[in-house]
Amino acid sequence: MQEKKHEDPTLPGESVEIPLLAPHLSTPHFPARQIAGYVASLILTGIAFFLVARHALPLSWLLAVVLILAFLQAAIQLGVFMHLREGRGTTWHLPIIGLGLFVGLGIVGFSIWIMLFKSGVS
Amino acid sequence: MRPWFIHLIKLLFPPQVLLPDIVGIDIGLTLSALAIALYLTKARRWGWLWREWLTTVDHKRIGIMYIIAALIMLFRGGVDALMIRSQLIVPEAHFMGAQQYDEVFTTHGTVMIFFMAMPFFFGLFNVAVPLMIGARDVAFPRLNAISFWLFAFGAALFNISFSIGGSPSAGWFSYPPYSELQFNPGVGENYYLLALQVSGIGSIATGINFLVTILKLRAPGMTLMKMPLFVWSALVTSTLILFAFPPLTVALGLTMLDRLFGASFFTLAHEGMPMMYANLFWIFGHPEVYILIMPAFGIFSEVVPTFSRKPLFGYEAMVISLLAITFLSYGVWVHHFFEMGAGPGVNVFFGLSTMLIAIPTGVKMFNWLFTMWGGRIRLSVPMLWQLGFIPTFVVGGASGVMLAAVAADYQYHNSYFVIAHFHNVIVGGTVFGLLSGMYYWWPKMFGWKLNERQGRWAFAFFFTGFWLTFMPQYFLGLEGMTRRMASYPPGLGWGGLNAMSTIGAFIMGVGFAILVYNIAWSRMHPEWDTTGDPWDGRTLEWSLPSPAPAYNFARIPEVHERDAWWAMKQRGETDAVKLSPDQVEPIHVPKNTPMPICLAVSFFVGSIGMVFAWHWMAILGGLGVVAALAYGSLEDDTDRELDPTTVLNTEKRLGRVHP
Ligand code: HEM
Ligand SMILES: [Cu+2]
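Model, not experiment: these values are computed from the prediction.

The rules behind these values
- Residues numbered from 1 in each chain as written.
- Chains lettered and ligands numbered in written order.
- Predicted model: local features only at pLDDT ≥ 70, side-chain atom pairs only at ≥ 80, totals over all residues.
- Heavy atoms only, no water.
- Helix = DSSP H or I, 4+ residues; strand = E, 2+ residues; numbered from the N terminus.
- Rg over C-alpha atoms; globule rule 2.2 N^0.38 Å.
- Buried < 20%, exposed > 50% of the residue type's maximum accessible area, 1.4 Å probe, protein only.
- Contact = heavy atoms within 4.5 Å.
- Areas by Shrake-Rupley, 256 points an atom, 1.4 Å probe, with all protein chains shown as cover.
- Lys, Arg positive; Asp, Glu negative; His and termini not counted.
- Charge placed at Lys NZ, Arg CZ, Asp CG, Glu CD.
- Near = heavy atom within 4 Å.
- Polar contact = N/O pair within 3.5 Å; in protein donor to acceptor, adjacent residues only side chain to side chain.
- Nonpolar A, V, L, I, M, F, W, Y, C, P; charged D, E, K, R; others polar.
- Domains from an automatic or database assignment.
- Buried area = accessible area lost by both parts, 1.4 Å probe.
- Salt bridge = Lys/Arg side-chain N within 4 Å of Asp/Glu carboxyl O.
- Core = buried A, V, L, I, M, F, W, Y, C linked by side-chain atoms within 4.5 Å.
- Axes fitted to C-alpha atoms, helices over the stretch in contact; angles between N-to-C directions.
- Parallel < 35°, antiparallel > 145°, perpendicular 65-115°, else oblique.
- Left-handed = near helix turned anticlockwise from the far one by under 90°.
- Donors = N, O, S within 2.8 Å, 3.2 Å for Na, K, Ca; no water.

J.: Help me out: how do you make sense of the overall build of chain B in this one?
T.: When you go through chain B residue by residue, the secondary structure sums to 20 helices and 4 strands. In terms of C-alpha radius of gyration, chain B reaches 25 Å, essentially the compact-globule figure of 26 Å for 659 residues. A principal-axis box enclosing the C-alpha atoms of chain B has dimensions of 75 × 60 × 45 Å. Evaluated residue by residue, chain B yields a buried proportion of 59% over its 659 residues. Within chain B, contacts between residues at least 6 apart in sequence are counted, and of these 82% link residues at least 24 apart. For chain B, the exposed area adds up to about 25400 Å²; of that, 71% sits on carbon and sulfur atoms. Across chain B, the 39 positively charged side chains and the 39 negatively charged ones have centroids separated by 7 Å.

Quick look at the structure:
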């Protein structure tokens, strides 16, 4: 394999070869952040599940709270597990995360629009 | 005998798997498995199988395994299809009972889409993409092996359902409420859910892998706009997979919660909402049909220029139309359920967006035609499939636009018209494309070509059979025949058209048989490809020997233009790919690993536990998954170095070293 200089892997055309082979960037310390993130996402899921299973709130409140929980959840996933805040490779991260948001919000928005009819049917 | 034992036997072998034809197949399969095991033992091939294939992480070998598996699944799905058509050849036939008929069309559709078409193009991606972009492997070789084994064991899980426990019967999209426990109490539906879930994880991983590979591992100088179009199609397909599969995961997961844990997301009782399933499924389902067609578009964009000896006409327009199709295909899914009653606003929006897709698709058609225009066309087998694709796909696209007219779709929906439409685009587009690609890259995979004359016959039968099978179905649809009828009464005027369709299906079956014969015969009488460039190709994979060495490129090529290899040939610089002894460097290659197959086996065991609700077994499988992942994460020694002498010797043997 050619000896590549790894100074700025984000330059277009610069190819990072098989990443297994890239210098191990692993940090030796205890992964406290990851474990906290994991526990937090479990708790958020648990709250949402509890609220829905117990019909704990009126419907419109329920929707609002669940949506907020969903956004928190997404933020934790992106921040803790998806390396959003790591500098390397942000040139590709941003457009793809933008696309993800666009598609995700589009799907949710359209689905709400499509399923609205059921209030007229049932 | 003890009662639990009788209970277990009844659970594993309900009446629906004890039909004489199924028992016959069971016996045949068992005997052939024994024969293969015996052969491997006698020839002392187990070690070879394990070292060279089961633990490999080489993208070329993984690609080959995908393609072989896909051909086997094409056979299985094809047998299902012939069974369906045999039942429908005359009115009121009783070749199969209604339950078995339902199971057969369900497994036909599911197998063809998830276990034939998808692995087939994953295989071609694996075989061709890294070579086309001048890379030594995919970005995550191990993940690639994981993807393959998850697919393989997912497919195995789905396929054993017909001999153990019973097949699913709710159609390939498996709508509730029929797929719920109340109406569908056996284990068949569980098989469907788990098998798609397991192989779906693999598909998402493949999407990520190729996305990263293409964005990060291109040879120096290969900018995005210099990539071969097949690579572009792999890029957009991967993007589509990444965004389309999660909604499917959710739909399947919630159905599983309903069936196994008493939830009621999609049930009729307890305010469940079955229509939400249709919504979620088609958010996945429509992008999925474009996932199936994009690779075929990519293959044709390589085949047409090569066999017309002209650069692709309108490269930029091709790229833009790929991107436009990708974008639009997320905004059309309601066209699969206009009849649900979401109202005129929703339906008009999605009807119009659906029609828009025909525009970029048309652009691509014209560009292929203009590429051929004035070219020197060679009618080799890959090109024949391409030529067959053009009229077939145009008819399919045109009928699609007819379906997109909302008011008319109230008539067409769930009729044979829809069946004819999607077979026109999926068989005439995807399958023709995949077979074209298989013939095209076969010499690169194995080092020998498939016999041309036999290949032509296979094409001729398949193509003729195709038209005879599916054209009558448009008219059957217009005459009111709905899909998924286990039999139909006489006197409706459907008999003749159905008989034609069945005859056509058997002609396609003959075409497939010739194709298999073609492969077997060419294996015995190989026509070796000694140049590495049997078709006078244009892209980088043809600059390598066939098959390529494990590390692909001893020296990563520099790219200055599109169709890089063609340009080198034009300038007489083909020697540039050869090595001089002082240029040799050590090459890192990833090591084989048993981890992926162990992971997939654990998923398989756990899934069986879920299917039969044996919780101990599900937990066992889950622990296996965790163990395999932990082993994989903690292992450090994942790659090895090929020293320069080995590389030099290999290249010398291939005649690729300057004296
Ligand atoms: C010009 C492009 C296309 C248009 C306008 C179009 C439109 C449609 C519409 C409106 C339906 C729903 C009909 C109904 O259920 O009543 C449909 C069904 C379908 N289409 Fe297309 N389509 C197009 C291309 C494709 C392609 C390229 C594929 C796959 C490679 C495809 C695969 C399918 C499948 C699988 C179904 C039926 C699924 C099922 O109900 O089982 N279509 N199409
Ligand atoms: Cu669609």
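J.: What is the right way to look at the site of ligand 1 in this model?
T.: All names here are of chain B. Taken together, 24 residues are adjacent to ligand 1, and W172, D409, H413, H421 and R483 come closest. The side chain of W172 places a nitrogen or oxygen atom 2.9 Å from an oxygen atom of ligand 1. Contact between ligand 1 and R483: an oxygen atom at 2.7 Å from a side-chain N or O atom of the residue. Looking at the shell around ligand 1, the elements that each hand over two or more residues are helix 9 (274–308), helix 12 (381–404) and helix 14 (416–446). In terms of residue class, the shell around ligand 1 is built from 14 nonpolar, 8 polar and 2 charged.

J.: Please explain the domain arrangement of chain B as it appears in this structure.
T.: For interface size, the figure often reported is the accessible area lost on association. Residue and element names in this part refer to chain B. Here chain B is described as being made up of domain 1 (13–44) and domain 2 (45–547 + 556–577). Spacing between the C-alpha centres of domain 1 and domain 2 amounts to 29 Å. Taken over both partners, the interface formed by domain 1 and domain 2 buries close to 1200 Å², and the fraction arising from carbon and sulfur atoms is 61%. Counting across the domain 1 and domain 2 interface gives 0 salt bridges. In this structure, the connection of domain 1 to domain 2 is made through 5 residue pairs in polar contact (both at pLDDT 80 or more). Grouping the amino acids of the side of domain 1 that touches domain 2 by side-chain chemistry returns 11 nonpolar, 2 polar and 3 charged.

J.: What's the story with the nonpolar core in this structure? I'm lost.
T.: Side chains of nonpolar character tend, in soluble globular proteins, to be buried together. In this structure, I114(A), F115(B), F120(B), M438(B) and W441(B) are the most contacted members of the largest nonpolar core, which totals 185 residues. For this core, the leading source of residues is helix 9 of chain B, giving 19 residues. With residues up to four places along the chain from it excluded, the contact list for I114(A) reads N279(B), W333(B), V334(B), F337(B), M340(B), A342(B), V346(B) and F350(B). Counting residues in each nonpolar core, the second largest holds 15 residues, with I84(B), L88(B), Y101(B) and L476(B) among its members.

J.: When you look at the pattern of salt bridges in this model, what are you seeing that I'm missing?
T.: Pairing between side chains of opposite charge can happen when the charged atoms of each approach one another. Residues and elements named next belong to chain B. The final tally for this structure, using the stated rule, is 15 salt bridges over all chains. The residue R309 makes a salt bridge to D536 at a minimum N-O spacing of 3.6 Å. Linking R309 in the loop between helix 9 and helix 10 (315–328) with D536 in the loop between strand 2 (527–528) and helix 17 (564–570), this pair joins segments that are 227 residues apart in sequence. The exposure class assigned to D536 is partly exposed, which follows from its relative accessible area of 26%. Across the salt bridge formed by K569 and D536, the nearest N and O atoms sit 2.6 Å from each other.

J.: Just checking my understanding: could you explain the packing of helix 12 of chain B against helix 14 of chain B for this structure?
T.: Between two packed helices, what matters for the description is the angle formed by their axes and the separation of those axes. Residue and element names in this part refer to chain B. The contact between helix 12 and helix 14 brings their axes to 8 Å, and the two run at 160°. Taken together, helix 12 and helix 14 sit at an angle that is classed as roughly antiparallel. Here helix 12 and helix 14 pass one another in a crossing that is left-handed. Within the contact of helix 12 with helix 14, the residues separate by chemical class into 15 nonpolar, 11 polar and no charged.

J.: Teacher, can you tell me more about the coordination of the copper ion (ligand 2) here?
T.: Six octahedral donors around a metal ideally make angles of 90 or 180 degrees; four tetrahedral donors ideally make 109.5 degrees. Residues and elements named next belong to chain B. Within the first shell, the copper ion (ligand 2) binds the protein through H286 (ND1), H335 (NE2) and H336 (NE2), at distances of 1.9 to 2.0 Å. If you list the donors of the copper ion (ligand 2) from N- to C-terminus, the spacing comes out as H-x48-H-H. In this model, the copper ion (ligand 2) sits 4.5 Å from the iron atom of ligand 1. Here the residue H286 occupies a position in helix 9, and H336 occupies one in the loop between helix 10 and helix 11 (344–372), the gap between them amounting to 50 residues. When its relative accessible area of 5% is taken as the criterion, H286 is described as buried. What makes H336 partly exposed here is its relative accessible area of 21%.

J.: What is the right way to look at the side chain of S501(B) in this model?
T.: Within the secondary structure layout, S501(B) lies in helix 16 (residues 495–524). Among residues more than four places away in sequence, those in contact with S501(B) are R85(B), L468(B), T469(B), P472(B) and Q473(B).

J.: Can you walk me through the packing of helix 14 of chain B against helix 15 (residues 452–478) of chain B in this structure?
T.: All names here are of chain B. One can describe the packing of helix 14 onto helix 15 by two numbers: an axis separation of 7 Å at closest approach and a directional angle of 165°. Accordingly, the angle class assigned to the pair helix 14 and helix 15 is roughly antiparallel. Here helix 14 and helix 15 pass one another in a crossing that is left-handed. Here Y416, F417, I419, A420, H421, H423, N424, V427, G428, V431, F432 and Y439 of helix 14 lie close against helix 15, whose contacting residues are G455, A458, F462, F463, F466, F470, M471, Q473, Y474, L476, G477 and L478. The residue makeup of the contact of helix 14 with helix 15, split by class, is 17 nonpolar, 7 polar and no charged.

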